[in-house]
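Notes for the structure review
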Amino acid sequence: AFIVGSQSSSLATEVAHLLGCEAVSVYKKIFDDGETRLRLPITVAGKEVIIFQTITEQPDESIFETLRIVDAAKTSGARTITVVFPCYPYARQDRELQNGCDIPPKLIAKLLKTAGADRLVTVDIHAPRQIDDFPLPTYNLSTENLFLDYLHREKNTTDGFFLFTP
């Protein structure tokens, strides 16, 4: 099951298509007082679940929504839960700069684990060393090789040098 958070864009649909599955959006109802209700649109019992959430201009809301989706999937009997953050929230705040500062990336990983996530996937995290302290298996995918392959194919590059054509 490929579940898309309400903050996600068309990127989630494209990724699901590449994986050969259908992206289904979480149902979200907003009440008059600003509280929300989330509901999984499909049955996930016994299934491998991927939760894809793009972190937008409201990262705290996106993170909390993701935690609630993870919790709903776990409560509903998902076999495994993988959270995908294409851009890891708060990744640049990866160390304590002053005494008493929080370290949000590690906290987010702890909360995901506590909510029921089994693994985490992100892309080009700001400081890859930080994932060593995360309490769940975390995979940091690099776009460097994809980018270099593209340049090689599209720009006729060889041996790392670009051969520009008019």
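Heads up: these notes are all about the structure in this document.

Conventions we followed
- Residues numbered from 1 in each chain as written.
- Predicted model: local features only at pLDDT ≥ 70, side-chain atom pairs only at ≥ 80, totals over all residues.
- Heavy atoms only, no water.
- Helix = DSSP H or I, 4+ residues; strand = E, 2+ residues; numbered from the N terminus.
- Buried < 20%, exposed > 50% of the residue type's maximum accessible area, 1.4 Å probe, protein only.
- Contact = heavy atoms within 4.5 Å.
- Areas by Shrake-Rupley, 256 points an atom, 1.4 Å probe, with all protein chains shown as cover.
- Pairing = 2+ DSSP bridges.
- Axes fitted to C-alpha atoms, helices over the stretch in contact; angles between N-to-C directions.
- Salt bridge = Lys/Arg side-chain N within 4 Å of Asp/Glu carboxyl O.
- Right-handed = clockwise from strand over helix to strand, strands pointing away.

**Topic: the overall build of the chain**
Across its full length, the chain carries four helices and eight strands. Buried positions account for 35% of the 166 residues belonging to the chain. Counted over contacts in the chain with a minimum sequence separation of 6, partners at least 24 positions apart contribute 57%. On the chain, roughly 10,500 Å² of surface is accessible, and the fraction owed to carbon and sulfur atoms is 52%.

**Focus on the side chain of T80**
With respect to the helices, strands and loops of the structure, T80 is situated in strand β6 (residues 80-85). Here T80 falls in the buried class, since its relative accessible area comes to 17%.

**What about the sheet that holds strand β7 (residues 119-123)?**
Pairing within the open sheet is parallel, and its six strands lie in the order β2-β1-β5-β6-β7-β8. The open sheet has two edge strands with one neighbour each: β2 (23-25) and β8 (138-141). Within the sheet, the average angular offset between the axes of one strand and its neighbour, ignoring direction, is 25°. Sheet analysis places β7 next to β8, joined by four bridges and oriented parallel. Among the inter-strand pairings, T122 is bridged to a residue of β8, identified as N140.

**Description of the pattern of salt bridges**
Taken as a whole and assessed by the stated rule, the structure comprises three salt bridges. Across the pair E61 and K28 runs a salt bridge whose closest N-O atoms are separated by 3.3 Å. You can see E61 sitting in helix α2 (residues 59-75) and its partner K28 sitting in strand β3 (residues 27-30), a full 33 residues away along the chain. Accessibility expressed as a relative area gives 36% for E61, which makes it partly exposed. Each of the salt bridges in this network shares a partner with another, and the network as a whole consists of K28, E61 and E65.

**As for the pairing of β6**
Along β6, six of the six residues are buried, which leaves the element largely enclosed by surrounding structure. Where burial is concerned, the two faces of β6 agree: the one with T80, T82 and V84 and the one with I81, V83 and F85 are both buried. Alignment of strand β5 (residues 48-52) against β6, held across five bridges, turns out to be parallel. Residue pairing in the sheet places V49 in a bridge with I81 of β6. For the crossover that starts at β5, traverses α2 and ends in the parallel β6, the hand is right-handed. Sheet analysis places β6 next to β7, joined by four bridges and oriented parallel. Across the sheet, residue F85 finds its bridge partner in β7, namely T122.

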